[in-house]
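Structural overview for review
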Amino acid sequence: MTQTIPYWHVDAFAAQPFGGNQAAVMVLDQWLPDETLQAIGGENNFAETAFVVRDVSGEADWELRWFTPTDEVALCGHATLASGHVLLSHPERFGHAERVTFRTRKAGILEVRKAESAAGYELALPVTLVERASHPDLLAAIGFRGEVFVSWYGAEQTAIIAMRSEAEIRGLTPDMAALRGIDLMAICTAPADEGSDYDIVSRVFVPAWGVAEDSVTGSAHAALAPFWAERLGKREMRAHQASKRGGDLTMRLEGEGKGQRAWLGGPCVTVVEGAFRL
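Described below are features of the structure shown in this document. If you're wondering where the values come from, they're calculated on a predicted model, not measured in any experiment. (Residues numbered from 1 in each chain as written. Predicted model: local features only at pLDDT ≥ 70, side-chain atom pairs only at ≥ 80, totals over all residues. Heavy atoms only, no water.)

Describing the overall build of the protein chain
- Of the regular secondary structure elements, the protein chain holds seven helices and 18 strands.
- Each of the 278 residues in the protein chain was classed as buried or not, and the buried ones make up 56%.
- The long-range share in the protein chain, meaning contacts at least 24 apart out of those at least 6 apart in sequence, stands at 61%.
- A total of about 12,200 Å² of accessible surface is found on the protein chain, and carbon and sulfur atoms cover 46% of it.
- Within the protein chain, one finds 25 positive and 37 negative side-chain charges whose respective centroids are separated by 1 Å. (Helix = DSSP H or I, 4+ residues; strand = E, 2+ residues; numbered from the N terminus. Buried < 20%, exposed > 50% of the residue type's maximum accessible area, 1.4 Å probe, protein only. Contact = heavy atoms within 4.5 Å. Areas by Shrake-Rupley, 256 points an atom, 1.4 Å probe, with all protein chains shown as cover. Lys, Arg positive; Asp, Glu negative; His and termini not counted. Charge placed at Lys NZ, Arg CZ, Asp CG, Glu CD.)

Put into structure tokens, the structure is as follows:
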């Protein structure tokens, strides 16, 4: 028997098609087998496919999981923003609301809400905190000599490579084959050029998780927000991810220490709405 699943293709952190980061959002009546979810993630072939199911625990509105073409991930920001966009922009199907919450398996309760500004939406993620570390293999794969900071608290294994300039970020040509053997998210970041509309710039590489270079990475900015807040003395910042598609985010920190949340703002646009048939 054919099963039909509601499907949305959303460009997250983008005000118009062909920018930001692509995500598939699929609304399920109940969880399918993990191997089926993974096969759908591979079929969609986006950085992430988000699956949501109504949460019956009372802890949140929906349960949420994310799959790359090859793996289930612990945290994905842009596909969470895309999921919030779908659920909040279809009140006739999912109910009228200004905010929606998600219960996840490894990242706790996440929230997306409509933003008062032109940003469209704001997404609350738990922060990832990093500390200085030695990682010569990572630096060799990135092709840069610099400071490395590795996560000690957060949902994902993350490394921040601090660089000096936006030009260095834009000029990177990492060894993807070498990075494929390093099981973490590699975030390269630097202060933005003077006079820019943003404070910081980044690029994000995760070939070990099935995504060579991510377009706009919400979870990376859950690490970048506290990292740059400490160095720039700001709790509200603007960020640009300098991938081929590119994308802009607002970042603000709320709370302190491990209890901090990074609020990331940006618009979304639905590119395709339809049905996925199994």
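There is more to say after this.
Observations regarding the side chain of glutamate 122
- Note that glutamate 122 resides in strand 8 (residues 121-126).
- Using a relative accessible area of 15% as the deciding quantity, one classes glutamate 122 as buried.
- Setting aside anything within four residues of it in sequence, one finds glutamate 122 in contact with Leu81, Glu111, Val112, Arg113, Ala115, Arg252, Trp263, Leu264 and Gly265.

As for the pattern of salt bridges
- Using the criterion set out here, one finds 20 salt bridges in the structure.
- Arginine 103 serves as the salt-bridge partner of glutamate 63, at 3.6 Å between the closest nitrogen and oxygen. Placement of glutamate 63 in strand 4 (residues 62-67) and of arginine 103 in strand 6 (residues 99-103) is noted, with a sequence separation of 40 residues between them.
- Between arginine 132 and glutamate 147 there is a salt bridge whose closest N-O contact spans 2.1 Å. Of the two residues, arginine 132 sits in strand 9 (residues 129-133) while glutamate 147 sits in strand 10 (residues 147-153), which places them 15 residues apart along the sequence.
- In this structure glutamate 147 comes out as partly exposed when scored by relative accessible area, which is 39%.
- Several salt bridges converge on common partners, so that one network encompasses Arg99, Glu111, Arg113, Glu122, Arg252, Glu254 and Arg261. (Salt bridge = Lys/Arg side-chain N within 4 Å of Asp/Glu carboxyl O.)

Some points on helix 2 (residues 77-88)
- Its twelve residues give helix 2 an end-to-end C-alpha distance of 16 Å, which sits within 8% of 16 Å, the value for a rise of 1.5 Å per residue.
- Of all twelve residues that make up helix 2, twelve are buried, and the element is covered over most of its length.
- Among the residues making up helix 2, those that are buried are Gly77, His78, Ala79, Thr80, Leu81, Ala82, Ser83, Gly84, His85, Val86, Leu87 and Leu88. (Expected span 1.5 Å × (residues − 1).)

Some remarks on the nonpolar core
- Among the nonpolar cores identified, the biggest contains 61 residues, and Trp62, Trp66, Leu81, Phe102, Val112, Ile160 and Ile187 are the most heavily contacted of them.
- A per-element tally of this core places helix 7 (residues 218-232) first, with eight residues.
- In contact with phenylalanine 102, other than residues within four places in its own chain, are Val52, Ala60, Trp62, Leu64, Thr80, Ser83, Gly84, Leu87, Gly108, Ile109, Leu110 and Val112.
- Val150, Leu172, Leu184 and Ala186 belong to the second largest nonpolar core, which has 21 residues in total. (Core = buried A, V, L, I, M, F, W, Y, C linked by side-chain atoms within 4.5 Å.)

Here we look at the packing of aromatic side chains
- In this structure the tally under the stated criterion is six aromatic pairs.
- A centroid spacing of 6.1 Å and a plane angle of 50 degrees characterise the contact between tryptophan 152 and tyrosine 153, whose relative ring orientation is tilted.
- One aromatic cluster is present, formed by Trp8, Trp62 and Phe94 through successive ring pairs.
- Positioned above the aromatic ring of phenylalanine 149, the side-chain terminus of arginine 231 is 5.0 Å from the ring centre. (Phe/Tyr/Trp six-rings, centres within 6.5 Å; stacked < 30°, edge-to-face > 60°. Lys NZ or Arg CZ within 6 Å of the ring centre and 35° of its normal.)

What about the side chain of serine 83?
- Tracing the chain through its elements places serine 83 in helix 2.
- Setting aside chain neighbours within four positions, we find serine 83 in contact with Val25, Ala50, Val52, Leu64 and Phe102.

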